[in-house]
Structure formats: C-alpha cells, structure tokens
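Residue-level structure breakdown
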Amino acid sequence: MGKTVPDSNKKFIDSIKIEDVPWGKLTTAYGRAADFPEYLAILDEMAEREKMEHAFDEIGNCIEHQGTLWHSTPFALIFLVRIYRAAAKRDESGNADWLAEELEDLFHLIVQCFHDMMEETEDEGFLPLFSDMLREEYLWPEDMSEEEEESRWEEDAYDEELFASIYHYSYELVKEFE
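Every residue gets a number counted from 1 within its own chain, in the order that chain's sequence is written. Restriction of local features to residues with pLDDT of at least 70 applies here, the model being predicted, together with a cutoff of 80 or more for giving and counting side-chain atom pairs; totals for whole chains, interfaces and linings are based on all residues. Only hydrogens and water are set aside when side-chain values are computed; all heavy atoms of the structure are taken into account.

Overview of unusual backbone geometry
Most peptide bonds adopt trans geometry, and most residues besides glycine take a negative phi value. Residue Met-46 is not a glycine yet carries a positive backbone phi of 55°. Turning to its location among the elements, Met-46 is positioned in the loop between helix H2 (36-45) and helix H3 (49-63). Within the chain, Gln-66 stands out as a residue other than glycine whose phi angle is a positive 50°. The residue Gln-66 is located in the loop between strand S3 (64-65) and strand S4 (68-69) in this model. Helix and strand definitions follow DSSP, with helices as H or I runs of at least four residues and strands as E runs of at least two, each counted in order from the N terminus.

Spelled out as structure tokens, the structure:
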C-alpha cells in the first residue's frame, strides 16, 4: 500500500488557493478544467440559484462520469469541501441548504466510485504527496492539438500511480460522507 505523509498533505490541502491549481492542465470527463475557478467562485458566493445550478452541473459532470474520476477531481474536491462547510454553517435556508444537499450527494457518489474501483484494484501505488499530482510530468500541456490529445488518451492518459492517486485522494477528501 502506498504511504502518505499526512501532515504535509493536510498542510497542502488547507493552504492551496484556487489560483495555485493549473486548471487548464487538468483533465475532466469533457476536456480541461480551465473554467473551474469561475464555477467554484459562483458556488462559493451562494447568491444566484440559476448560476449555482449551472456551475454545479458543470463541475459535477466533469469530475465524475460513469464511475470514472479525473485528474481535476481531487483538486475540485478540495474547494467543494470548503464550500460545503461554509454552506452547512449558514443558518439560512435556500441556496446554502440546496448546495449542501447537492454536494453531499456528489460526495457520496465519489465515495462509491472509490469503492467500485477498489473492488477491481488495490488502493496501492499512489503518490505519497497530494501535491505530487501537480508534477509537470502529470500535467497536460495547454496548447495540445486535438490530434495530440486523442493520441494521449489512446496511449493511457494516466500513469498507474497518478490514476491510483486520483481515487485515493478524492476518497480521503470525502470519506466522512460515507
């Protein structure tokens, strides 16, 4: 089983800012996560329900698709968990309550994806540091042509350690919702 460095990972998760994540170099079910900062800001504001619903759908559909998690998933979850905690603390009903419920459902889905994957594989071989997933060797160049992207997907888009890390760290972020 891979070993983590809990204090280093907690410090990284607690201190990373949205602008520290190279979203345009992280994959999603439908391309890249370049628009995630905008969607996360909308969710964090909890102001306009229609915009919130759109932002939530865009992120939710991109970080999990048919039981598959993506490189952007654990990074989006860092901020979604923060947003959930802020929404859960609000005394008002409405947007914050709606968002907290939607996020709980998404977190349950992520937990299920992890368990489904563990039935097929072992939770081993993951990177010891959460931040290791941002090493340049794992990031996709922002200026890839469509042909280059298709070729990369056909060649196994993720190395085994990165793939295991995506599931492992996503689960670690939301396992309290199990």
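Back to the text.
Remarks on the nonpolar core
Counting 63 residues, the largest nonpolar core has Trp-23, Phe-36, Phe-75 and Leu-80 as the members making the most contacts within it. Mapped by element, the contributors of at least two residues to this core are helix H1 (6-15), H2, H3, helix H4 (73-89), helix H5 (95-120) and helix H7 (160-174). Top element by residues in this core is H5. It accounts for 12 residues. Note on definitions: a residue-residue contact is assigned when non-hydrogen atoms from the two residues lie within 4.5 Å. The residues contacting Leu-80, other than those within four sequence positions of it, are Leu-40, Leu-43, Ile-59, Ile-63, Leu-103, Leu-106 and Phe-107. Only buried residues count toward a nonpolar core. Its members are Ala, Val, Leu, Ile, Met, Phe, Trp, Tyr and Cys residues joined through side-chain atoms within 4.5 Å. Working definition: with a 1.4 Å probe on protein chains only, accessible area under 20% of the residue-type maximum means buried, over 50% means exposed, and in between means partly exposed.

Remarks on H2
Every buried residue belonging to H2 is among Phe-36, Tyr-39, Leu-40, Ile-42 and Leu-43, and all of these are buried. One side of H2 holds all its buried residues, which, seen down the axis, span an arc of 155°. Each direction from the helix axis to a C-beta atom contributes to the arc, which is the arc of those directions.

Quick notes on the side chain of Asn-95
With respect to the helices, strands and loops of the structure, Asn-95 is situated in helix H5. Judged by its relative accessible area of 16%, Asn-95 is buried. One polar contact links the side chain of Asn-95 to the main-chain carbonyl oxygen of Met-46, over a distance of 3.3 Å. Whenever two N or O atoms come within 3.5 Å, that pair is a polar contact, provided that in protein one can donate a hydrogen and the other can accept it, and provided that, for residues adjacent in sequence, both atoms are side-chain atoms. One polar contact links the side chain of Asn-95 to the main-chain carbonyl oxygen of Ala-47, over a distance of 2.8 Å. Those residues in contact with Asn-95 that lie beyond four places of it in its chain are Met-46, Ala-47, Glu-48, Arg-49 and Met-52.

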